[in-house]
Amino acid sequence: MRPRDRWILEVKEYVITVEVYDTDSTKVYLSDNLRTTHHFSKEYFEEILSSHNGSYHILQVLKDGITGIKTELVSVLLQDGSEACFPIPVSHEQEVKIYLPIKLSPSFLAFPHHQEVLYQKLQVIPLQPRFLSLEICDLCLGFLGPVTAYLCVSDLHELEVDLTDKLEIGKSLVVTIQDPGFQPLPLRSKYFKYMKLQTACLLVTLVQMEEVGEYPELYVLRAFAVGQTTVATAWDKMGRRFTSASQKVEVFPPFKLIPKKVTLIPHSMMQVMSEEPQPQSVIQFSVTNCSIAEVNRLGQVMAGTVETAVIQGAIQVVSEDTGKVTVFSQEQVELELIQLKAVIIHVPATKLITATEMPVFVVGLNSMLTPFCFGNANPELMFQWSVSKGDVLDLLDSCAISLQVSVQLPSKNNVAVDLYRKAAGRSSVKVMVQCLNTSAGQSEGNTELLDEVQILVFDKLLLFSPVFSTEQILMSTNSQLTLYTNREGAASVSFQVLQCYLNYSVHEEHERGLLRAGAITGIEVLEVTSEVFRVGQTIVVEQSAERMLLI
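Residues numbered from 1 in each chain as written. Predicted model: local features only at pLDDT ≥ 70, side-chain atom pairs only at ≥ 80, totals over all residues. Heavy atoms only, no water.

## As for the packing of aromatic side chains
Considering all chains together, one arrives at 2 aromatic pairs under this definition. Considering the side-chain rings of phenylalanine 40 and phenylalanine 45, the 6.1 Å spacing of their centres and the 65° angle between planes classify their relative orientation as edge-to-face. Each member of the pair, phenylalanine 40 together with phenylalanine 45, is buried. Stacked on the ring of tyrosine 44, the Lys or Arg lysine 63 has its end atom at 5.2 Å from the ring centre. (Phe/Tyr/Trp six-rings, centres within 6.5 Å; stacked < 30°, edge-to-face > 60°. Buried < 20%, exposed > 50% of the residue type's maximum accessible area, 1.4 Å probe, protein only. Lys NZ or Arg CZ within 6 Å of the ring centre and 35° of its normal.)

Dropping the structure here:
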């Protein structure tokens with residue numbers, strides 16, 4: 001039996017033959033000494049004749065329904081009359097769908113004859129899948145033989161889906177769906193409107209488009225959530241379900257490039273990249289004006305002359321079946337190339353406490369001119385950092401910064417440094433940026449750009465003194481204690497007892513640091529605050545009032 005997805009038979013007589021093929025799909029001749037077994041359901045078939053080796057059968061189909069027939073090549077008859085069985089029989093089982101024969105009612109139609117050209121319409125309503133023919137003849141004319149029309153009534157066979165397997169949330173793509181049918185001609189697209197067609201999950205939806213061809217059907221696929229799904233499932237009018245072959249559709253967040261705008265000086269580089277993870281596809285970068293900038297496949301933009309342009313990024317997908325390249329999402333970034341007019345030292349704060357570090361770096365006058373816009377220029381820029389008072393501020397060695405990020409930079413190319421506050425006082429930080437190649441056009445006019453920032457450093461607030469600093473105070477009941485800090489005279493200092501408990505015993509008088517403990521034991525919290533030039537420091541100290549045993 002030649003394997004097919006499904007056999008469709010009528011209630012009538014059929015001839016069924018069994019053929020055997022080897023692994024190379026070459027037909028094997030079934031000789032008389034080969035033995036096959038077969039199984040035909042007696043409910044649906046009546047065997048009229050079968051050959052000796054089981055390769056030829058004449059059957060009468062008895063009723064409509066769905067059944068199966070099975071055959072096995074089990075043994076070979078040897079010359080001595082013995083039978084040698086195969087260790088593993090060669091078998092095949094075929095599903096069969098049986099329908100009652102189509103009957104036309106009435107079986108004969110006659111129309112009146114007119115001398116003029118007469119057009120008559122005959123409506124055929126299909127009930128079951130089957131072949132039929134209509135013979136039409138004009139009885140008023142000399143008999144020249146009937147005109148025959150052949151009709152094929154087909155149901156769903158299988159769904160074939162053609163689409164790009166990657167889609168963004170909120171965007172749509174065109175899906176081509178067709179039913180190839182079990183006959184040479186596929187199902188016409190105009191019949192798809194009678195089907196209930198939907199996707200396998202709620203990640204995407206299908207919306208039918210207008211008919212554009214005779215056989216394929218076009219739908220719009222729109223994505224709503226990130227994930228993966230198969231595409232098409234359909235039901236016919238009898239409620240049978242048909243699902244397309246599993247075709248993965250990957251839904252991803254919208255394609256966005258960062259940064260949205262790139263500002264560079266001539267002969268510097270910056271990389272443009274995708275903001276969200278993208279599917280396994282290729283991002284193709286291009287620039288609208290190749291004379292002012294270049295971009296490679298990694299999104300690295302190399303600046304040329306001063307001008308503006310647009311960097312375009314497109315996600316391309318290559319079809320595994322056809323090799324066709326499809327662009328399913330695009331994004332663009334503004335590119336501006338300018339010259340350095342001046343530089344500014346960016347500092348997070350200008351009033352700080354001792355024994356801390358702070359990074360500082362160089363930026364341009366334009367807010368878009370970050371260190372990444374000119375820090376890797378070629379020809380390179382030279383950065384010379386200095387401080388006015390080395391006993392107050394210290395510039396950390398460039399290697400100390402590089403070890404934290406595993407990047408080694410020469411000190412002359414450090415666009416950023418770390419400041420370490422060594423002692424209280426006032427100092428300034430100065431940087432000089434030099435353009436080594438004047439013909440590169442990286443700066444406007446001056447080849448040396450300067451900037452300087454003043455830094456004020458305070459001592460860290462400590463209770464009592466740096467030598468006897470403490471964060472916990474123990475007092476006896478019915479005693480008093482005068483507190484002082486290392487900021488006395490240099491800043492405004494205040495003391496406050498935070499009344500955290502109901503049975504408190506310690507009181508602070510007039511925020512001057514005089515503590516008085518009563519007769520009740522307990523634990524309180526003391527807040528100490530100093531402020532100068534609107535720069536405040538606060539420490540919190542635990543206080544305990546306990547009864548003391550004198551020895």
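## Digging into the sheet that holds strand β30 (residues 325-337)
Across the sheet, 4 strands lie side by side as β23-β30-β29-β26; this open sheet has mixed pairing. Looking at the sheet topology across the chains shown, the edges are occupied by β23 (261-264) and β26 (282-287). Across the sheet, the mean angle separating the axes of adjacent strands is 30° when strand polarity is ignored. In the sheet, β26 pairs with strand β29 (residues 308-318) via 6 bridges, with the strands oriented antiparallel. Across the sheet, the residue bridging to serine 286 is glutamine 312, located in β29. (Pairing = 2+ DSSP bridges. Helix = DSSP H or I, 4+ residues; strand = E, 2+ residues; numbered from the N terminus. Axes fitted to C-alpha atoms, helices over the stretch in contact; angles between N-to-C directions.)

## Quick notes on the side chain of serine 329
The residue serine 329 is located in strand β30 in this model. With a relative accessible area of 3%, serine 329 lands in the buried category. When sequence neighbours within four positions are dropped, the list of residues in contact with serine 329 reads Glu168, Lys171, Phe255, Gly313, Ala314 and Ile315. (Contact = heavy atoms within 4.5 Å.)

## Focus: the side chain of asparagine 53
Along the chain, asparagine 53 falls in the loop between β6 (45-50) and β7 (56-61). Judged by relative accessible area, which is 6%, asparagine 53 ranks as buried. A polar contact is formed between the side chain of asparagine 53 and the backbone oxygen of serine 31, at a distance of 3.1 Å. Asparagine 53 has contacts with Leu30, Ser31, Asp32, Leu34, Arg35 and Thr36, leaving out every residue within four places of it along the chain. (Polar contact = N/O pair within 3.5 Å; in protein donor to acceptor, adjacent residues only side chain to side chain.)

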